Number of protein chains: 2
Amino acid sequence: MSRIDYPVYLQLRDRLWTWIEDEQLGSQQRLPSERELSERFHTTRVTIRQALSQLEAEGLIFRSNRRGWYITPERLRYDPSRDVGFNRYVTEQGFRPRTETLSKVLTETPPWLSEITGLAIGAPIYHVFRRRYVDERGLLVEHNYINPAHCPGLLSESTDVSIWQMLRDQYDLCPEHRDIEIYPLALKGLEAEALGVNQGTAGLYIQRLSFDQRGEFLELDREYWLHDALKISVRIGDRH
Amino acid sequence: MSRIDYPVYLQLRDRLWTWIEDEQLGSQQRLPSERELSERFHTTRVTIRQALSQLEAEGLIFRSNRRGWYITPERLRYDPSRDVGFNRYVTEQGFRPRTETLSKVLTETPPWLSEITGLAIGAPIYHVFRRRYVDERGLLVEHNYINPAHCPGLLSESTDVSIWQMLRDQYDLCPEHRDIEIYPLALKGLEAEALGVNQGTAGLYIQRLSFDQRGEFLELDREYWLHDALKISVRIGDRH
DNA sequence: GCTCCAATCTGGTATAGACCAGATTATGAA
DNA sequence: TTCATAATCTGGTCTATACCAGATTGGAGC
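- Chain A is annotated in an unreviewed UniProt entry as GntR family transcriptional regulator from Marinobacterium halophilum.

And the structure:
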């Protein structure tokens, strides 16, 4: 007997969950179409969609625009306090990374950026906009704002790998301290578009503001992640 | 002229946003009912609800079960790496904190807890379950698992204030290092119920696992936050 | 084989209506 | 005034249907 007063779409969520387990659907595998599911579970498409949205919120499945529903891969572990490049820790965890540079320009510091970096409004600043994949699923887009005073030749460097590694190797730069901000938000506008998800899809915002030993602004990193893509994992206070 | 191919519910989202600005609705103020809004904006309740859900995902408004939609207060800034108690930093930011202890028991270490703490399965462990408010809005629920070896008299202490402060003052305990995990999830079951939100509401999970100077397990903290309630803010590498 | 285009399949959006259950408010009796 | 209760208001759930637009597929023509 199912509990009374338990809405149909929540019952469906549970039945879908166990159905997925029974079928042993694995990472990135596709579910049957909504119409097929609504027949199979004797309900309407609207209600099935409600149940699917629940599973999406829980991170079990994700949608690919007008293509269908798929099983969400395991979360990527991520430590924003470390300087290790994306490619390296993705590989370390047994996944296949890929980075696309969507734009890379030398532009002028806008007011909001001036406010948090101390740069003058209109001062030259590099802006790199990239999309990162894990196993061919786009997990995040990232805006990098880099102080050109420290690395004048950045535009001619490749930005499809780690910017940090490049800053360290080519320009001998490393941050002395940084301010990190993290909060959940809805992906919208440019970011939603670049990730191929619907407006309002749940996401996680991570911002890193780095300064060098002399307290000068080095780099600002603004990352927009899919909500189900990562698990932040930090160790603090260890002296090894 | 509005952009073509822009769905009605997204247009509504924008119109509602500006309408809220025009009306100068402030923190915790109530919106008109869905039926009223759907008339006012010449659409159906379903579509209005879609627009409201967008604004909810974006953190502008939140819902209170069968009572209505309200303006979301400003996010609370939160640094999980510091030992400052909830009450203190809520107050520091000009808000009014409140904590309810929902349960407080001495129980036996379950397998999953044994795995991450090193305690023996079945070993005694304190479990405190609390709900935290800011300005009378419940923002998170929190499970604390505390090693009784270090603070035998915990059950008789008040847990409506900072557990950390108590551990420090009464038992002279402070953590040497800790592992922090953070990721977005959907609030469900006990946590959703305790916060009075619908199953599947977006949330943020924060876990802190603390050990003392000798590497012994001190405390495990599992927090379930509303997604729109906080902004994590950490400074790393500063030597002041 | 290949390319191109049409048919088809998919999820995305939108309407109109209905009923439910919890929360609030109004009412009226004590 | 107090307190129980009834009416009402609110969001929550659900059905049935329709059409759209992007993605995929299948086949015709080369």
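From this point on, the discussion continues.
**Thoughts on the pattern of salt bridges**
- All chains considered together, the criterion is met by 38 salt bridges over all chains.
- Ionic pairing is found between glutamate 34 of chain B and arginine 45 of chain B, a salt bridge with its closest N-O pair at 2.9 Å. Of this pair, glutamate 34 of chain B sits in helix 2 (residues 34-40) while arginine 45 of chain B is found in helix 3 (residues 45-57), placing the two residues eleven residues apart along the sequence.
- Residues joined by salt bridges that share partners form a network here, namely Arg96, Arg98, Glu100, Arg131 and Glu136 of chain A.

**Things to note about the interface of chain B and chain A**
- The interface of chain B with chain A comprises 33 residues on the first partner and 33 residues on the second.
- Considering only the side of chain B, the residues that lose the most area to chain A are Pro184, Gln199 and Ile236 of chain B, jointly responsible for 18% of the buried surface there.
- Where chain B meets chain A, there are six salt bridges.
- The shortest N-O distance in the salt bridge between glutamate 58 of chain A and lysine 188 of chain B comes to 3.7 Å.

**Concerning the relation of the copies chain B and chain A**
- Superposing chain B onto chain A takes a rotation of 180 degrees combined with a translation of 0.0 Å along the rotation axis, leaving an RMSD of 0.0 Å. Such values leave the two copies arranged in the relation of a two-fold axis. No C-alpha of chain B lies nearer the rotation axis than that of proline 184 of chain B, which sits 3.5 Å from it.
- Both copies share a contact surface, since 100% of the interface residues of chain B are interface residues in chain A too.

**Some remarks on the protein's contact with DNA strand C**
- Around DNA strand C, the surrounding shell holds 24 residues, and the nearest of these are Arg45 and Arg66 of chain A together with Val8, Thr47 and Arg67 of chain B.
- Protein-adjacent atoms of DNA strand C, using a 4 Å cutoff, are sugar or phosphate at a proportion of 67%.
- At 3.2 Å from a phosphate oxygen of DNA strand C is found a side-chain nitrogen or oxygen belonging to threonine 44 of chain B.
- Note that a phosphate oxygen of DNA strand C is positioned 2.7 Å from one of the side-chain N or O atoms of threonine 47 of chain B.
- Put simply, the parts of the chain that give the surface near DNA strand C at least two residues each are helix 2 (34-40), helix 3 (45-57) and strand 2 (68-71) of chain A together with helix 1 (8-22) and helix 3 of chain B.
- Residue contributions to the surface near DNA strand C peak at three residues, all from helix 3 of chain B.
- A class-by-class count of the residues in the surface near DNA strand C yields five nonpolar, seven polar and twelve charged.

**Concerning the protein's contact with DNA strand D**
- The local shell around DNA strand D holds 23 residues, among which Val8, Thr47 and Arg67 of chain A together with Arg45 and Arg66 of chain B are the closest.
- Take the atoms of DNA strand D that sit within 4 Å of the protein: sugar and phosphate atoms are 70% of them.
- Tyrosine 9 of chain A is positioned with one of its side-chain polar atoms (N or O) 2.7 Å from a phosphate oxygen of DNA strand D.
- In this structure, asparagine 198 of chain B approaches DNA strand D through a side-chain N or O atom, which is 3.3 Å from a phosphate oxygen.
- Mapped onto the surface near DNA strand D, the elements with two or more residues apiece are helix 1 (8-23) and helix 3 of chain A together with helix 2, helix 3 and strand 2 (68-71) of chain B.
- In terms of residue count, helix 3 of chain A provides more of the surface near DNA strand D than any other element does, three residues in total.
- Residues that form the surface near DNA strand D fall into these classes: five nonpolar, seven polar and eleven charged.

Calculation notes
Residues numbered from 1 in each chain as written. Chains lettered and ligands numbered in written order. Predicted model: local features only at pLDDT ≥ 70, side-chain atom pairs only at ≥ 80, totals over all residues. Heavy atoms only, no water. Salt bridge = Lys/Arg side-chain N within 4 Å of Asp/Glu carboxyl O. Helix = DSSP H or I, 4+ residues; strand = E, 2+ residues; numbered from the N terminus. Contact = heavy atoms within 4.5 Å. Buried area = accessible area lost by both parts, 1.4 Å probe. Least-squares fit on C-alpha atoms with pLDDT ≥ 70 in both. Near = heavy atom within 4 Å. Polar contact = N/O pair within 3.5 Å; in protein donor to acceptor, adjacent residues only side chain to side chain. Nonpolar A, V, L, I, M, F, W, Y, C, P; charged D, E, K, R; others polar.

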